[in-house]
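The primary structure of each chain is shown beneath.
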Amino acid sequence: AQKVTQAQTEISVVEKEDVTLDCVYETRDTTYYLFWYKQPPSGELVFLIRRNSFDEQNEISGRYSWNFQKSTSSFNFTITASQVVDSAVYFCALSSGSSNTGKLIFGQGTTLQVKP
Amino acid sequence: NAGVTQTPKFRVLKTGQSMTLLCAQDMNHEYMYWYRQDPGMGLRLIHYSVGEGTTAKGEVPDGYNVSRLKKQNFLLGLESAAPSQTSVYFCASSYSYSTLTEAFFGQGTRLTVV
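Residues numbered from 1 in each chain as written. Chains lettered and ligands numbered in written order. Predicted model: local features only at pLDDT ≥ 70, side-chain atom pairs only at ≥ 80, totals over all residues. Heavy atoms only, no water.

**Re the overall build of chain A**
The helix and strand inventory of chain A stands at zero helices and 12 strands. Scanning chain A from its N terminus toward the C terminus, one meets helices and strands in the order β-β-β-β-β-β-β-β-β-β-β-β. For chain A, the C-alpha radius of gyration of 14 Å lies close to 13 Å, the compact-globule estimate for 116 residues. With 116 residues in all, chain A has 46% of them scored as buried. Once local pairs closer than 6 in sequence are excluded, the contacts in chain A between residues at least 24 apart make up 57%. On chain A, roughly 5700 Å² of surface is accessible, and the fraction owed to carbon and sulfur atoms is 47%. Across chain A, the centroid of the 10 positively charged side chains sits 4 Å from that of the 12 negatively charged ones. (Helix = DSSP H or I, 4+ residues; strand = E, 2+ residues; numbered from the N terminus. Rg over C-alpha atoms; globule rule 2.2 N^0.38 Å. Buried < 20%, exposed > 50% of the residue type's maximum accessible area, 1.4 Å probe, protein only. Contact = heavy atoms within 4.5 Å. Areas by Shrake-Rupley, 256 points an atom, 1.4 Å probe, with all protein chains shown as cover. Lys, Arg positive; Asp, Glu negative; His and termini not counted. Charge placed at Lys NZ, Arg CZ, Asp CG, Glu CD.)

Structure (structure tokens):
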């Protein structure tokens with residue numbers, strides 16, 4: 001079975017704090033893709049990052065960084081020096097299978113509130 | 001370049017009524033999807049299509065039908081709406097050649113069934 005778990009339902013931090021959003025996934029496939037999406041209060045889904053199962057390099061993009069660890073089946077997302085504009089719901093998602101149809105399995109989402 | 005466009009943005013239906021949600025993409029993507037988003041449950045796949053003329057069931061297909069007569073359009077139909085279908089519906093499209101790209105999402109349709 002394929003599954004994505006985001007155990008943190010809601011996180012509240014004060015501006016400039018660092019925050020890590022956890023994502024744990026389950027799949028038996030050796031080829032898979034992991035994604036993070038941001039859903040701001042306006043409701044649209046904004047793509048943040050894609051990682052395939054053969055690339056375990058961590059990635060940094062400005063204040064955002066991602067830690068992919070196959071050994072623990074985790075793909076965690078860290079925001080450094082958080083800002084009020086980071087307030088949103090963040091979704092981790094998994095796409096796997098040899099047929100590669102791009103179907104996404106989403107976690108439940110983590111609501112991040114950054115207070116000024 | 002509009003990306004993925006959903007019509008309508010909002011709709012209120014009475015139980016038993018029918019309606020069709022339209023999704024259009026202008027990126028020449030092969031794959032298209034319909035998801036629903038409910039509080040605390042993330043997004044769940046309703047139906048998807050891997051090309052013109054093809055459709056397949058996702059995780060929660062009951063009560064919905066889809067059609068993909070043209071590559072750029074993916075329609076989601078509710079034949080007899082039920083209050084349990086109150087949700088936010090998202091259409092998405094993606095492309096896969098040597099590697100899977102990210103899915104591009106529409107802005108969502110907020111549907112209320114009373």
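From this point on, the discussion continues.
**Quick word on the packing of aromatic side chains**
Taken as a whole and assessed by the stated rule, the structure comprises 19 aromatic pairs over all chains. Between Y37(A) and F47(A), the ring centres sit 5.9 Å apart and the planes meet at 65 degrees, which makes this aromatic pair edge-to-face. Of this pair, Y37(A) sits in strand β5 (residues 32-39) while F47(A) sits in strand β6 (residues 46-52), placing them 10 residues apart in sequence. Judged by relative accessible area, which is 0%, Y37(A) ranks as buried. Given a relative accessible area of 29%, F47(A) falls into the partly exposed group. For the pair F91(A) and F106(A), a centre-to-centre distance of 6.0 Å together with 90 degrees between the ring planes defines the contact as edge-to-face. In this pair, F91(A) sits in strand β10 (residues 88-96) while F106(A) sits in strand β11 (residues 105-106), placing the two residues 15 residues apart along the sequence. By relative accessible area, F106(A) is classed as buried at 7%. Following the ring pairs from residue to residue traces out a cluster consisting of F35(A), Y37(A), F47(A), F91(A), F106(A), Y33(B), Y35(B), F90(B) and F105(B). (Phe/Tyr/Trp six-rings, centres within 6.5 Å; stacked < 30°, edge-to-face > 60°.)

**Overview of the side chain of S96(A)**
All names here are of chain A. Structurally, S96 can be placed in strand β10. Judged by its relative accessible area of 16%, S96 falls in the buried class. Polar side-chain contacts of S96 include one of 3.2 Å to the side chain of T27. At 3.0 Å, the side chain of S96 and the side chain of D29 are in polar contact. (Polar contact = N/O pair within 3.5 Å; in protein donor to acceptor, adjacent residues only side chain to side chain.)

**Regarding the nonpolar core**
Core analysis: the largest hydrophobic core is formed by 23 residues, its most contacted members being W36(A), F77(A), Y90(A) and L112(A). Listing elements by their share of this core, those giving two or more residues are β2 (10-14), β3 (19-21), β5, β8 (64-69), β9 (74-79), β10 and β12 (110-115) of chain A. Of the residues forming this core, the biggest block, four residues, is contributed by β10(A). If near-sequence neighbours (up to four positions away) are discounted, L112(A) is found in contact with I11(A), V13(A), V19(A), I79(A), D86(A), S87(A), A88(A) and Y90(A). Formed by 20 residues, the second largest nonpolar core is a distinct cluster that contains F35(A), F91(A), F106(A) and Y35(B). (Core = buried A, V, L, I, M, F, W, Y, C linked by side-chain atoms within 4.5 Å.)

**Comments concerning the pattern of salt bridges**
If you walk through the whole model with that rule in mind, you get seven salt bridges over all chains. Taking the shortest distance from any N to any O, the salt bridge between R51(A) and E59(A) comes out at 2.7 Å. The buried category is assigned to R51(A), whose relative accessible area is 6%. On the basis of relative accessible area, E59(A) is assigned to the partly exposed category, the value being 31%. A salt bridge links D38(B) to R44(B); its shortest N-O distance comes to 2.9 Å. The same class applies to D38(B) and to R44(B), which are both buried. The network of salt bridges with shared partners includes R51(A), D55(A) and E59(A). (Salt bridge = Lys/Arg side-chain N within 4 Å of Asp/Glu carboxyl O.)

**Observations regarding the side chain of R68(B)**
Residue and element names in this part refer to chain B. Here R68 lies in the loop between β7 (64-67) and β8 (73-78). At 5.5 Å, E30 is the nearest oppositely charged side chain to R68, a buried residue that forms no salt bridge. Of note is the side chain of R68, whose polar atom sits 3.3 Å from the backbone oxygen of H29.

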